[in-house]
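Residue-level listing of the chains:
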Amino acid sequence: MNAFIGDFMMSRPSAPYYYKENRSDVYHWETSCSTNQYPAPGWIKRNTPPAGSEQCNECKAKGDLPFDATAPAIEDVLADLAHEIPEEDWKRLPPDLTDNLDHYLYGTPKQ
Ligand SMILES: [Zn+2]
């Protein structure tokens, strides 16, 4: 599950942006991108991307954060939180809560 979520962590564009002057159909923001050739001759670094250009797919594919294989699974985090709720509070919940969640949240008619 963690690896699955990690696969969707993509980099979002943020300044500075790098692109080839006069051929700026694609712009980059990751310095580790293999097609970002800044500071090679003809490449520039700016705080705004060139108008009408597209984001580099390789830059997008890079994760904002490195995947942490030691992070607890979300279901374990939620189970720990659920255990912090006193048993008497769980007993105050209506027995048909899951069947009529919209009724209890929004007042729609019961199922
Ligand atoms: Zn790139």
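Residues numbered from 1 in each chain as written. Predicted model: local features only at pLDDT ≥ 70, side-chain atom pairs only at ≥ 80, totals over all residues. Heavy atoms only, no water.

1. Description of the environment of E30
Inference 1: Along the chain, E30 falls in the loop between strand 2 (26–27) and strand 3 (43–46).
Inference 2: With relative accessibility at 18%, the residue E30 sits in the buried group.
Inference 3: Distance from E30 to S14, taken between C-alpha atoms, is 8.8 Å for residues 16 residues apart in sequence.
Inference 4: Here the side chain of E30 touches S11 through a polar contact of 2.6 Å, side chain to side chain. (Helix = DSSP H or I, 4+ residues; strand = E, 2+ residues; numbered from the N terminus. Buried < 20%, exposed > 50% of the residue type's maximum accessible area, 1.4 Å probe, protein only. Polar contact = N/O pair within 3.5 Å; in protein donor to acceptor, adjacent residues only side chain to side chain.)

2. A closer look at unusual backbone geometry
Inference 1: P16 follows A15 through a cis peptide bond whose omega is 5°.
Inference 2: Cis geometry is adopted by the peptide bond preceding P39, which originates at Y38 and carries an omega value of 10°.
Inference 3: Secondary-structure assignment places P39 in the loop between strand 2 and strand 3.

3. Structural notes on the packing of aromatic side chains
Inference 1: Tallied over the full model, the rule gives 3 aromatic pairs.
Inference 2: Through successive ring pairs, a cluster of aromatic residues spans Y17, Y27 and W29. (Phe/Tyr/Trp six-rings, centres within 6.5 Å; stacked < 30°, edge-to-face > 60°.)

4. Things to note about the nonpolar core
Inference 1: In this structure, Y17, Y19, Y27, W29, C33, I44, C56 and C59 together form the largest nonpolar core, which totals 8 residues.
Inference 2: Excluding residues that lie within four positions of it along the chain, W29 makes contacts with S11, R12, P13, S14, P16, Y17, Y18, Q55, C56, C59 and K60. (Core = buried A, V, L, I, M, F, W, Y, C linked by side-chain atoms within 4.5 Å. Contact = heavy atoms within 4.5 Å.)

5. Quick look at the pattern of salt bridges
Inference 1: Under the counting rule described, the total for this entry stands at 2 salt bridges.
Inference 2: Residues R92 and D89 are paired through a salt bridge, measuring 3.1 Å at the closest nitrogen-oxygen approach.
Inference 3: K110 is the salt-bridge partner of D96, the closest N and O atoms lying 3.3 Å from each other. Here K110 lies in the segment after helix 5 (101–106) and D96 lies in the loop between helix 4 (87–91) and helix 5, a separation of 14 residues in the sequence.
Inference 4: On the basis of relative accessible area, K110 is assigned to the partly exposed category, the value being 47%. (Salt bridge = Lys/Arg side-chain N within 4 Å of Asp/Glu carboxyl O.)

6. Details of the coordination of the zinc ion
Each donor-metal-donor angle in an ideal tetrahedron of four donors is 109.5 degrees, and each such angle in an ideal octahedron of six donors is either 90 or 180 degrees.
Inference 1: Every protein donor of the zinc ion is listed here as H28 (ND1), C33 (SG), C56 (SG) and C59 (SG), and their distances to the metal cover 2.1 to 2.4 Å.
Inference 2: Classification of the site at the zinc ion rests on its 4 donor atoms, whose angles at the metal span 99 to 115°, yielding the label tetrahedral. (Donors = N, O, S within 2.8 Å, 3.2 Å for Na, K, Ca; no water. Tetrahedral: all angles 85-135°; square planar, octahedral: opposite > 155°, others 65-115°.)

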